[in-house]
Amino acid sequence: MIAARVTPTAGPQGRAQGAATLLQGSCATRILTSGVILSMTALLADLILFIHVVYATFVLGGLVAVPLGARMGWHWVRISAFRRAHVVCTAVVAVEALIGVICPLTWVEHLLLAASGTAGHERSLIGGLLYQVLYHDAPLWVYTVTYVALAMAAALLYHYIPPWPKPSRQAP
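Read on for an overview of the structure.

Calculation rules
Residues numbered from 1 in each chain as written. Predicted model: local features only at pLDDT ≥ 70, side-chain atom pairs only at ≥ 80, totals over all residues. Heavy atoms only, no water. Helix = DSSP H or I, 4+ residues; strand = E, 2+ residues; numbered from the N terminus. Buried < 20%, exposed > 50% of the residue type's maximum accessible area, 1.4 Å probe, protein only. Contact = heavy atoms within 4.5 Å.

### Some details on the environment of Ala97
Okay, so step 1: Its location among the elements puts Ala97 in helix α4 (residues 80-99).
Okay, so step 2: Under the relative-accessibility criterion, Ala97 is labelled buried at 19%.
Okay, so step 3: Taking the C-alpha atoms as reference, Ala97 lies 7.3 Å from Tyr143; in sequence the two are 46 residues apart.
Okay, so step 4: Excluding residues that lie within four positions of it along the chain, Ala97 makes contacts with Thr144 and Tyr147.

Here's what the structure looks like:
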């Protein structure tokens, strides 16, 4: 699950810049002008980016772990809650791409970066590495097709390698 880079003028992705523009001249901008707050907002942007990478790892990792775990006899890959969460997380990404909505994590991350005055390439070391892992340049249709294919794969795995039902409680 790789995300497109957000550019200030690109369609729905420009919403992050639009949201940052709303902050200009507001009380929030005056508060964010101190160095401490600016560095905190950049740090929060890196934290959001980390959460985004964890989310993408969960989606992609689940697509690998479920068939591998079923073959290897790993019980945890058949836990119903894990499987439902995996399908839902994957489907959410596909639906966002299909309707043209920017990922909320991407939006918040870029809003925080804009508020801190930090350009995407001026991130912390860890933030820069995570950014390179998650964001790549490609046409948006490539991401949409990829996300829909991943959601379909997760649904097919759910069907062909179903989760185990919860054990029923027997009365003593």
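There is more to say, and it comes next.
### Quick notes on the side chain of His86
Okay, so step 1: Among the secondary structure elements, His86 is positioned in helix α4.
Okay, so step 2: His86 gets classed as buried once you look at its relative accessible area, which sits at 3%.
Okay, so step 3: If we skip the residues at most four places from it in the chain, His86 touches Phe58, Val59, Gly62, Leu63 and Ala154.

### Looking at the environment of Leu44
Okay, so step 1: Following the sequence through the fold, Leu44 ends up in helix α3 (residues 35-72).
Okay, so step 2: We classify Leu44 as partly exposed; its relative accessible area is 39%.
Okay, so step 3: Between the C-alpha atom of Leu44 and that of Leu112, which follows or precedes it by 68 residues, the distance is 7.1 Å.

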